[in-house]
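Geometric and topological summary
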Amino acid sequence: MCGIVGYVGSKEARSILLEGLQTLEYRGYDSAGVAVIQAGGIEVKKRAGRVADLAKELEGSTLSGTCGISHTRWATHGGVTNANAHPHTDEAREVAVVHNGVIENHAALRTTLEKEGVEFASETDTEVIAMLAARALRKVRTAKEATVAISKMVSKLTGTYGLLILSKKFPDTIFAARLGSPLLLGIAKHGYLVASDATAVSAHTDQVIYIEDGDVLAVNPKGYQFLKTERNHSVEQIEKVEMSEGLGKFTHYMQKEMYEQPASITSALRGHILKNEAIPRLSGMNITDEQAGQIDRIIFTACGTSYHAALVAEYWLEEIAGLPVEVEYASELRYRKSPVGDNTLVVAISQSGETADTLAALRELKRQGKLVRALVNVVGSSIAREAGGGLYLHAGPEIGVASTKAFTSQLAVLFLLTTYFARIRGVSKAKGKELLKELQNIPVHVKKALTYEHEIETIAERYQDVHTMLYLGRGTNYPVALEGALKLKEVSYIHAEGYPAAEMKHGPIALVDKETPSVIINPRSALYDKVMSNLEEIKARNGPVIAIATEGDRAIAKKADQVIYVPDVPDIFQPFVTVIPLQLLSYHAALARGCDVDKPRNLAKSVTVE
Ligand code: AGP
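Rules used throughout
Residues numbered from 1 in each chain as written. Predicted model: local features only at pLDDT ≥ 70, side-chain atom pairs only at ≥ 80, totals over all residues. Heavy atoms only, no water. 1 Å grid on protein atoms, 1.4 Å probe; cavity = no way out; pocket = protein on both sides within 12 Å on 5 of 7 lines; lining within 4 Å. Points joined across faces, edges and corners; volume = space filled by probe spheres on them. Nonpolar A, V, L, I, M, F, W, Y, C, P; charged D, E, K, R; others polar. Axes fitted to C-alpha atoms, helices over the stretch in contact; angles between N-to-C directions. Helix = DSSP H or I, 4+ residues; strand = E, 2+ residues; numbered from the N terminus. Parallel < 35°, antiparallel > 145°, perpendicular 65-115°, else oblique. Contact = heavy atoms within 4.5 Å. Salt bridge = Lys/Arg side-chain N within 4 Å of Asp/Glu carboxyl O. Buried < 20%, exposed > 50% of the residue type's maximum accessible area, 1.4 Å probe, protein only.

1. Quick word on empty space enclosed by the protein
For the coordinates displayed, the defined rule picks out three cavities of 30 Å³ or more. Of the volumes computed, that of the largest cavity is approximately 60 Å³. Contributing to the lining of the largest cavity are Cys2, Arg73, Trp74, Thr76, His77, His86, His99, Gly101, Thr124, Asp125 and Thr126. Residue composition of the lining of the largest cavity, by class: two nonpolar, seven polar and two charged.

Shown next as structure tokens:
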């Protein structure tokens, strides 16, 4: 999952490319580079590190031109080095290439080229493309012939690519090709941009053409030319991508986005609950009430945090709407031969709307003719566009790699979906009104949960050096335990595991000792006593316990080593508030350990490779 931006037009490419890369750094930030056509040749500047490091290096350079390509990388093949940074060129620097995706047959192609005497400068799969492209373009005379030659070249590739190619022979042209990794063409007054997603073009235009799988095109200052296909490639108007208005008073985007949650939950609900109506309006789902009445199973498919949100919804839909639910990792569902009935609704959940596995699972279920919808945050993203309908989170840009506000906004939208199906399946109007009323109170409770940050910071500092932590919860707090463990892992690099609290006895309790703390999520609920027993089992083995408990619960304070309180909310709504201390705990543990909270090592915000 890398970010790529190309520009050709009347303006200097360098600043447009760097600004575009900066907006795409959430896709990967190991290394960055640019290539521009300059004085009849190709000038390349690239290095390991962030886009800001590259920009600093370019300040003193003479790199200049109005046609260029650029890349910010998340390493797939080859380590994080200057040599492995994109763009890559052929040995004679006839072409330069930037690539998002994975070429699965790159080793065989490399071997063939090496046998012809080609020497590679990097370990990447992309450099193989550069060598092949240079050879493919050697005999062509026109840009049109070049698109044909590129189409033939990419047909030798197995895998995925969003590809931009510069060629010395065509100094005012960018060639692009797409299979499996997102690309779009932005049409600005001063020129054209080709980029991974709308974020990178939004400052210049709201007119885009989505480049589809199998497309090859040439773009120059006068226009663009798709290699003949049956597609009409219509120009679409995109919503202006809300750029995050910076950090404001916050130190990190993750912190800012945690505090945005009362507002983002409110935003997720806006327009769906009409006064005095006891059933949410979900017109975006593009499902009639009659169709909804015939649905007898829902399959959610997602990855990471979005998967955990789906697990919470599984409890809600089964308990409140009496609807059977399955939750599948997208990376598994896409390859499973899972029988999906005709009355099954498949819902893909994705903050970025670009997660390769989730997109592939959606495509596979659509190919099988199933009813597929999506819950997405990024407007106009691939998953949003390819689903047959769905709901946007309207959470605004989530810049921090660790998902926080998207999770609680997903819960909000999933609860709307739950209430909708409950009412369709006969739950009373009064119950519907009660559920929606409670749901609309949630932002206040989340805001209150955030007020315990200082206490949480102290606890995080206390445990900053542990090697592993266990997270335990029951019912809807079991997915929250999984989410809390994921948060800690991804931002503080402390190992953590989430379990159903009762599952401890079946093995994991062997891990418990005085160096291994457990976070036990035990707000007041029907399962309170059961979880308290699990807490005591851990204490009996000298395991430190951090309890997440309901405000006013003094009993648990006598048993746990530390207690973090959350507001008292009805059982089914607890995930909205119990996740908050876990987000804050991971954030402060990461700070205490000097980790890069917003751009954790090895990660990227949008995993667009499988
Ligand atoms: C969550 O904090 C992680 N960044 C990661 O697990 C993420 O949730 C996962 O990659 C799915 O992303 P998506 O919601 O954009 O599809």
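There's more to say after this.
2. What about the packing of helix H7 (residues 261-269) against helix H14 (residues 429-449)?
In contact at an axis separation of 8 Å, H7 and H14 are set at 170° when each is read in the N-to-C sense. As the angle between them shows, H7 and H14 are arranged roughly antiparallel. When H7 is examined against H14, the residues Gln261, Pro262, Ile265, Thr266 and Leu269 are found in contact with a partner set consisting of Leu439, Gln440, Ile442, Pro443, Val446 and Lys447.

3. Some points on the pattern of salt bridges
Evaluation of the coordinates by the stated rule reveals 26 salt bridges. For Glu91, the salt bridge is made with Arg135, and the minimal N-O distance between the two is 2.6 Å. Placement of Glu91 in the loop between strand S5 (88-89) and strand S6 (95-100) and of Arg135 in helix H4 (residues 126-137) is noted, with a sequence separation of 44 residues between them. Under the relative-accessibility criterion, Arg135 is labelled partly exposed at 25%. Across the pair Arg297 and Glu326 runs a salt bridge, and its minimum N-O distance is 2.1 Å. Here Glu326 lies in strand S16 (residues 325-329) and Arg297 lies in strand S15 (residues 297-302), a separation of 29 residues in the sequence. The exposure class assigned to Arg297 is buried, which follows from its relative accessible area of 17%. Classification of Glu326 by relative accessible area gives partly exposed; the value is 26%. Through salt bridges that share partners, Arg178, Asp213, Arg363 and Glu386 make up one connected network.

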